[in-house]
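Per-entry structural report
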Amino acid sequence: MTDLYAVIGNPIAQSKSPFIHKSFAEQSGQDLDYVAILGEPGRFREQIDDWRARGLRGLNITAPFKLDAFAYATDLSPEAETAGAVNCLTFTGETARGDNFDGVGLVRDIIANLGTEICGRRLLLLGSGGATRGALSPLLQQAPKKLVVAHRSDEAAAALAALFPPDPALEFKRYDALAPAEDSKFDLILNATSSSLHGAAPPVPPYVFGVDSLAYDLTYGKGLTPFLRLAREAGTKRVVDGVGMLVEQAAEAFALWRGVRPDTKPLIEKLTVPLT
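Below is a summary of the structure that appears in this document. Here the structure is a predicted model, which is why all the values come from computation and not from measurement.

Helices and strands together make up the secondary structure of the protein, namely 10 helices and 12 strands. Over its C-alpha trace the protein gives a radius of gyration of 19 Å, about what one expects of a compact globule, namely 19 Å for 276 residues. For the protein, the spread of C-alpha atoms along the three principal axes comes to 60 × 40 × 30 Å. In the protein, which comprises 276 residues, the share counted as buried stands at 51%. For the protein, the share of sequence-separated contacts (at least 6 apart) that also reach a separation of at least 24 residues comes to 67%. With an accessible surface of roughly 12,500 Å², the protein has 52% of that area assigned to carbon and sulfur atoms. With 28 positive and 33 negative side-chain charges, the protein shows a separation of 4 Å between the mean positions of the two kinds.

As structure tokens, this is what we get:
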């Protein structure tokens, strides 16, 4: 019997998850079907209960249902608990295990695919929303020299900081406090805001970028976003979008569900769009 998996979101037609997971299944000889579900706001629990009755074994979750999935889960991984959001549910009997693989996928893409060390490096993470919540713990586990979270809202930053134990490497700063200085440049600058989805750039000053920095936009498939363009104009040679993160977090879910880790590089190459 073919095993059933799915992704839920709204909108969902643009999702690459069905293509990714079916490609993983073909690559690894797994017998599964993977479908996209158009979620209805306010009916997440009802919809998922219905799909579970049809045999759904696992579910990926995208916007705007990651908080609904968090509330739905009966068990949470430490990463999901810290992030306060779930992007993967695994169903076993009455149990619904909630995971969050966004940060893990981001770190794996940076280190394994892009060949960039995080340990001992200076990181600037833009934004204090859900994407940052999911990324912070996996990034800190890599022991960076400094990880600065740039934000607009002191209230949101304080709420985010309260989720993590004190760490000498972790610092929260408003964008306007990123003053030019000898140590103003960062090795990695990661845009975890939603600005690229709206064709805008976060208010980050150009002097945070160095020639040898890596500028990473967690948004994918948008070409040269305003953030990446800003990095290039500041002289940064290496700019990438989040397609690798997308594929790597999907691979984490696939490995959990099927017990085999797929090769991600062919899919990353296939899904990568020119940054022009």
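This paragraph deals with the nonpolar core. Counting 23 residues, the largest nonpolar core has Leu106, Leu139, Leu147 and Leu190 as the members making the most contacts within it. For this core, the element with the highest residue contribution is helix α6 (residues 130-140), accounting for four residues. Apart from the residues within four sequence positions on either side, Leu147 is in contact with Leu123, Leu125, Leu136, Leu139, Leu140, Ala169, Leu170 and Glu171. Leu32, Cys88, Phe254 and Ile268 belong to the second-largest nonpolar core, a separate cluster that totals 21 residues.

With that out of the way, let us pick up the side chain of Ser15. By the secondary structure assignment, Ser15 is in the loop between β1 (3-9) and α1 (17-28). Side-chain polar atoms of Ser15 contact the backbone nitrogen of Ser17, separated by 3.1 Å.

Consider a sheet: its strands pair through backbone hydrogen bonds, and that pairing is either parallel or antiparallel. In space, the six strands of this open sheet follow the order β2-β1-β3-β5-β6-β4, with mixed pairing throughout. Whereas interior strands pair on both sides, the edge strands pair on one side only; in this sheet they are β2 (32-38) and β4 (75-76). Bridge count between β1 and strand β3 (residues 56-61): five bridges; the pairing is parallel. Bridging from a neighbouring strand, Tyr5 pairs with Gly58 of β3.

Quick look at helix α5 (residues 102-113) now. With 12 residues, α5 should cover 16 Å at 1.5 Å per step; its first-to-last C-alpha distance of 15 Å lies within 8% of that length. Along α5, the positions that sit buried rather than exposed are Asp102, Gly103, Gly105, Leu106, Val107, Asp109 and Ile110. In the core, the buried residues of α5 are packed alongside α3 (66-72), α6, β10 (186-191), β11 (209-217), α9 (243-258) and α10 (265-271). Remark: Gly115 follows α5 within two positions and exhibits a positive phi of approximately 60°.

Judged by pairing direction, the sheet is parallel, and its six strands sit side by side in the order β9-β8-β7-β10-β11-β12 without closing on themselves. Pairing within the sheet leaves two strands with one partner each, and these edge strands are β9 (170-174) and β12 (238-240). With direction set aside, neighbouring strand axes in the sheet form an average angle of 20°. Alignment of β10 against β11, held across five bridges, turns out to be parallel. Bridge assignment links Leu190 to a residue of β11, and that residue is Tyr216.

Another aspect to go through is the pairing of β1. The buried count for β1 comes to seven of seven residues, which makes it a mostly enclosed element. Of the two faces of β1, the one lined by Asp3, Tyr5, Val7 and Gly9 and the one lined by Leu4, Ala6 and Ile8 are each fully buried. Pairing geometry for β1 and β2, over seven bridges, is parallel. What sits directly across from Asp3, in β2, is Leu32.

Most of strand β7 (residues 122-126) sits inside the fold, with five of its five residues counted as buried. Burial along β7 is two-sided: the residues Arg122, Leu124 and Leu126 and Leu123 and Leu125 are all buried. Relative to strand β8 (residues 146-151), β7 runs parallel, the two sharing five bridges. Bridge pairing in β8 links Leu123 to Leu147. Running through α6, the crossover from β7 to the neighbouring parallel element β8 is right-handed. Two elements, β7 and β10, share four bridges in a ladder whose sense is parallel. Across the sheet, Leu126 pairs through a bridge with Asn191, a residue of β10.

Here is what the cut-offs are and how they apply
By convention here, each chain's residues receive numbers from 1 onward along its written sequence. Only residues with pLDDT of 70 or above have their local features reported here, since the model is predicted, and side-chain atom pairs are shown and tallied only from 80 upward, although totals for entire chains, interfaces and linings are computed over all residues. Side-chain metrics in this entry use all non-hydrogen atoms of the structure; hydrogen atoms and water are not considered. A run of DSSP states H or I qualifies as a helix once it reaches four residues; a run of E qualifies as a strand once it reaches two. Both are numbered from the N-terminal end. We compute the radius of gyration over the C-alpha atoms and compare it with the globule rule, which gives 2.2 Å times the number of residues raised to the power 0.38. Note on exposure labels: buried denotes an accessible area under 20% of the residue type's maximum, exposed denotes more than 50%, and partly exposed covers the range between, all computed with a 1.4 Å probe on protein chains only. Contacts are assigned to residue pairs that have any heavy atoms within 4.5 Å of one another. Computed with the Shrake-Rupley method and a 1.4 Å probe, the accessible areas treat only the protein chains shown as cover for residues. In this count, Lys and Arg are taken as positive residues and Asp and Glu as negative ones, while His and the chain termini are left out. All charge positions are set by atom: Lys at NZ, Arg at CZ, Asp at CG, Glu at CD. The definition of a nonpolar core used throughout is a set of buried Ala, Val, Leu, Ile, Met, Phe, Trp, Tyr and Cys residues joined through side-chain atoms within 4.5 Å. N or O atoms within 3.5 Å of each other form a polar contact, as long as, within protein, one can give a hydrogen and the other can take it, and as long as residues adjacent in sequence are counted only when both atoms are side-chain atoms. When DSSP locates at least two bridges between a pair of strands, those strands are taken to pair. Each residue after the first adds 1.5 Å to the expected span of a helix. The axes are straight lines fitted to the C-alpha atoms, using for helices just the contacting stretch, and the angles between their N-to-C directions are given from 0 to 180°. Crossover handedness is defined here as right-handed if the route from the first strand over the helix to the second strand goes clockwise, with the strands pointing away from the viewer.

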